Structures are given as C-alpha cells and as structure tokens.
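Listed below, chain by chain, are the residues.
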Amino acid sequence: MIPQPKPHHAGLQRGMGTAGALGANVIDMVGVGPFITLPLIVGVMGGPQAMLGWLLGALLSMADGCTWSELGTAHPEAGGSYAYLKHSFSPRWGRAFSFLYAWQLLFSAPLSIASGCIGFAQYVSWFLPGASHTVQTVIAISACIACTALLFQPVRKVSEATKALGIVVLLTLVAVIVIGFTHFSSTMALSFPPGAFHLGHAFFLGLGGGLLISAYDYWGYYNVCFLGAEVRDPARTIPRAVLGSIAIVGTLYLLMNTAVLGVLPWQSLIHEDAGARQYTIAIFTQTAFASHAWSHTAASFAVVLIAVASLASVFALLLGYSRIPYAAAEDGNFPAVFARLHPKHRVPTVALLTLSGVTMVCCLFRLQEVIASLVVVRIVFQFLLQGVAVMMPKHRAERRQQGRFRMPLYPLPTLLAMCGFVYILLSRPRLLVELRPVAFVLVSGLAVYGVREVLTRRRQSVH
C-alpha cells in the first residue's frame, strides 16, 4: 500500500506532478552556482582535472539521492528531512533530532538562499561597472523580496512557474555547452599540468575542496522531498524527480566544464582577479565570439540568462525550505506560529517570511564564506543524520512495505554517500574554525529544545 501523508498536513494541496517536481529540483540545483564556482573548482584542483570533481560529485549525489528517494516515498509529508528523522528514530530521539534539524534550518537555509541572491547581484553588476559591495547587497536583498512575493500563489501556479523556470535554466546550460563545443580546442581543454593525477597529499586535499564545491552545486536534487505533501503520486514522482534531476544536471555540468575549458585557458581562470571570476561565463561568451562586433552583446545576453537562473534557484529554495518549519509547527515540535497558512493560497506565511528575513541578513556576507558555512552545517545536521536514519531497525522494517522505492544494494549507496561527506569534512584545512557554526547551532538548539520540553511537561502536569 502506497504511504499517505499524515492528516495534519491536509492544509497543503497535492498539485505538483513529475514535470513540476523535476523542474523544482533542477532550478534549485543549478541557479548561479556552477557559473560562478567553476573557476573555484578549477583553482582548488589545479587544472582541467576539475572535471573529476564534477564527476565524483554526481556519483556522490546519486548515492545520496537513493537515500532521499527511499525516505521520501516512505514518508511523503511536508518538511522532508524533518519527517524522516522523526519517523526513523525512537519517539524520544526522533523528536529531538527532528527539532534540531528544523532549528538549524533557520540558519542553513538562509545561507543557501542568500548564495543565489548574492550570485544574482554579482552577475547583474556586469551592467553596473564598479558597483560597490553595498550596491550588490541591495540588489541581492531586492531579489529575495521579489521571489518571496512571487511565492504567494496556489501550488498549481507555482508548479507551472517551476516548469517554465526549469526550461530557462536548462536552455542556459545547453547554450553554454553549444557555444563552447562550436569554438572548442581539445588541446586547451586537456592541457593537464605535470603530475595532475599524482595521488599524493596535494591531490586528495584538492579533491576534497573540489568535492565541497561540486556538492554545493549539485545540492537541490532533494527539493521535491520538502514538498512531499504537495506532490501527486509521491511513490513515483519523488524518485523520478530526485534521480532524474541528478542525471540531467550531472551530464550538463560535465559538458559545461569541458566546453568552457575548451575556450578559456584554465590558467586564466585561476590567475584572473576576483571581479573577472564572477563573470566567467560572460567572458567565455565574449571570447568565443571575439571575431564578431556583437561579442559584448552576446556576453550581456548570457549574463541575463544566468541572472534568471539564479533567481529561479532562490524561488525554488524559498518554496521548499518554507515547508519545514511549517511541518515542525504542525507537529507541535516548533513554535505554533510557523503553522499559519495564507487563507487563500495555502502558503506557510510565517515560515516563508521568516526565512526570507534571515536571508536578507545573510546577503551581507560574501559568497565563499556563505558556501563553506552552509556545506559544513548541512553535512552534519542533515546528510549524516539521514544516513543513520535509513539504516535504523525501524526503517529497515518499514521498507518491506509495498509501493515504495527501495535503493539497489541497500545500504551500500548510503554508506558510500556518508563516506563521501565525511571525506569532504576531513579535507577542510580550517575544519575546526568552520565547525564553530555547527557548535553554535547545536548548543543553542539543545538549549531551546530543553526549555520547550520543560515548559511542555509543566503544562501537562497542571492539566
């Protein structure tokens, strides 16, 4: 029997099919990430062997996607990971872990959303030469406000919007690939430096840095899981959207990386200044059409497409993440105010506006700071915990039921994904510093959870 969502999520409406779910994942995954981080992954890996980072990132995502697909079809509810942690552990531990997940989301989700806003502002600055950090911050905040406003509509219309934006994002990637391969130099693309694949300390350190960046660029393949209560036929839709989006985007990322390196020397990506690096695809387009008078116009058009892609990712992230505090509040495990829905459009109003507000604060940071903090916090509080959850006895018993996705070679994909995430953490040269936000979220979350539990028990004893 195909699992159904719990009754308390009846306020949300099941209006999203496979195409809309796939679109929501794709626009979440792509955004501005691969266009801005390409020079970063080439830099940390030291050459065109950066394509290895994209490839291993895709394999890591596919392995972890099996975990998400299995948990998503077992518990097709609003909130995704919140529901998985609650159901997979014992009631006591499940309540604590799910609360901590929802709590950390108030910090990590805005970092993720802000990265799209900051990327949008950086690319729009192509049309504002010399724009200061303050100006870019104002643009980033404005992007967040615009996407928040667009989400106040019924889920069916949101689904249609994700389809349209998904098409724009895919066409942008395809356009970059076509431009690159029609102006391609295999000699340039495969000009590996001496010792590029020497399996020494420097190689594995660079690979860890490359995996961190590619993991950030792939993340979003699970966005549909947060919308589990709004998806039609979740037993089919969720696995198709998760694994399908990884296959599509992974192929496009590898082709894009190869295409760009066949036009721009990888050495220029490493040594160019920070201002030029944020416009890599615009410079790539201008270089490819350098013999034409309209090369700058082509580059500007590429900037517009990438700006739309980054806005699309902000739209998708706000859409998915706003359902998690809502689910926790509906469950009585988070402040009740987060369960409020818009009376007409059935949108979790307080959750959406809260995440949007914190995102605006995060827009004050710089992109690389945002990415590093986001990845470390998310690995600890989400991916590793879910890996443990899918191997718990409770889930092993539940996965025998009919109408669910079952990962092949269980639990090998989950174990491989967990090893990959641990490797990313251990390869960080400043891991102890980057773990400080994790410690803050953990300590503050446990304090808030403890106080809530004490107050709840007191109220119960009075009644």
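Fair warning: this is a prediction, and the values are worked out from it, not measured in the lab.

Scoring rules and cut-offs
Residues numbered from 1 in each chain as written. Predicted model: local features only at pLDDT ≥ 70, side-chain atom pairs only at ≥ 80, totals over all residues. Heavy atoms only, no water. Helix = DSSP H or I, 4+ residues; strand = E, 2+ residues; numbered from the N terminus. Rg over C-alpha atoms; globule rule 2.2 N^0.38 Å. Buried < 20%, exposed > 50% of the residue type's maximum accessible area, 1.4 Å probe, protein only. Areas by Shrake-Rupley, 256 points an atom, 1.4 Å probe, with all protein chains shown as cover. Lys, Arg positive; Asp, Glu negative; His and termini not counted. Charge placed at Lys NZ, Arg CZ, Asp CG, Glu CD. Patch = residues over 30% accessible without salt bridge, like charges linked within 9 Å, V, L, I, M, F, W, Y side chains within 5 Å. Salt bridge = Lys/Arg side-chain N within 4 Å of Asp/Glu carboxyl O. 1 Å grid on protein atoms, 1.4 Å probe; cavity = no way out; pocket = protein on both sides within 12 Å on 5 of 7 lines; lining within 4 Å. Points joined across faces, edges and corners; volume = space filled by probe spheres on them. Nonpolar A, V, L, I, M, F, W, Y, C, P; charged D, E, K, R; others polar. Disulfide = S-S within 2.5 Å. Phe/Tyr/Trp six-rings, centres within 6.5 Å; stacked < 30°, edge-to-face > 60°. Lys NZ or Arg CZ within 6 Å of the ring centre and 35° of its normal. Axes fitted to C-alpha atoms, helices over the stretch in contact; angles between N-to-C directions. Parallel < 35°, antiparallel > 145°, perpendicular 65-115°, else oblique. Left-handed = near helix turned anticlockwise from the far one by under 90°. Contact = heavy atoms within 4.5 Å.

Q: It is not clear to me how the overall build of the protein should be interpreted in this structure. Could you clarify?
A: The secondary structure content of the protein amounts to 22 helices and zero strands. Radius of gyration (C-alpha) of the protein: 22 Å, near the 23 Å computed for a compact globule of 463 residues. Once the C-alpha set of the protein is aligned to its principal axes, its extents read approximately 80 × 50 × 40 Å. The buried share of the protein, taken over its 463 residues, is 59%. Entry remark: accessible area of the protein is about 18,000 Å², with carbon and sulfur atoms responsible for 69%. Side chains of the protein give 31 positive and 16 negative charges; the mean places of these two sets differ by 8 Å.

Q: Got a minute to help me understand a nonpolar patch on the surface in this structure?
A: Judged by side-chain polarity, Phe127, Leu128, Val135, Val304 and Val308 come together as a nonpolar surface patch covering roughly 360 Å² of accessible area. Mapped onto the elements, Val308 comes out in helix α15 (residues 295–321).

Q: Could you clarify how one ought to interpret empty space enclosed by the protein in this entry?
A: Empty pockets left among the atoms are what a rolling probe the size of a water molecule brings to light. With the rule as written, the count across this model stands at two cavities of 30 Å³ or more. Approximately 170 Å³ is the volume found for the largest cavity. Mapped by element, the contributors of at least two residues to the lining of the largest cavity are α1 (18–29), α5 (91–124), α9 (201–218), α15 and α18 (367–389). Looking at the lining of the largest cavity, its residues break down into nine nonpolar, seven polar and three charged.

Q: Even after reading the chapter, I still don't get the state of the cysteines, so can you show me in this structure?
A: As used in these notes, a disulfide is a covalent bond between sulfur atoms, one from each of two cysteines. For the structure shown, the criterion picks out zero disulfides. There is no disulfide at Cys144, and the cysteine sulfur nearest it, in Cys117, is 4.7 Å away. On the accessibility criterion, Cys144 (0% relative accessible area) is buried. Free of any disulfide, Cys225 has its nearest cysteine sulfur in Cys66, 12 Å distant.

Q: How should I be thinking about the packing of aromatic side chains in this particular structure?
A: How two aromatic rings sit relative to each other is given by the distance of their centres and the angle of their planes. Applying the stated criterion to the full structure yields 27 aromatic pairs. Ring centres of Trp126 and Tyr279 lie 5.5 Å apart, and the angle between their planes is 70°; this geometry places the pair in the edge-to-face category. Of this pair, Trp126 sits in the loop between α5 and α6 (133–150) while Tyr279 sits in the loop between α13 (274–277) and α14 (280–288), and the two are 153 residues apart along the sequence. Assigned by exposure class, Trp126 and Tyr279 land together as buried. We note Arg399 situated over the ring of Tyr410; from NZ or CZ to the ring centre the distance is 3.8 Å.

Q: Just to check I follow, could you spell out the packing of α14 against α15 for this structure?
A: The relative placement of two packed helices comes down to the angle between their axes together with the axis-to-axis distance. Relative orientation of the contacting elements α14 and α15 amounts to 150°, with a least axis distance of 8 Å. Classified by the angle between their axes, α14 and α15 sit roughly antiparallel to one another. Judged by the twist between their axes, the crossing of α14 over α15 is right-handed. Contacts between α14 and α15 pair Ile281, Ala282, Thr285 and Gln286 from the former with Ser295, His296, Ala298, Ala299, Ala302, Val303 and Ile306 from the latter. Tallied by class, the residues present in the contact of α14 with α15 amount to seven nonpolar, four polar and no charged.

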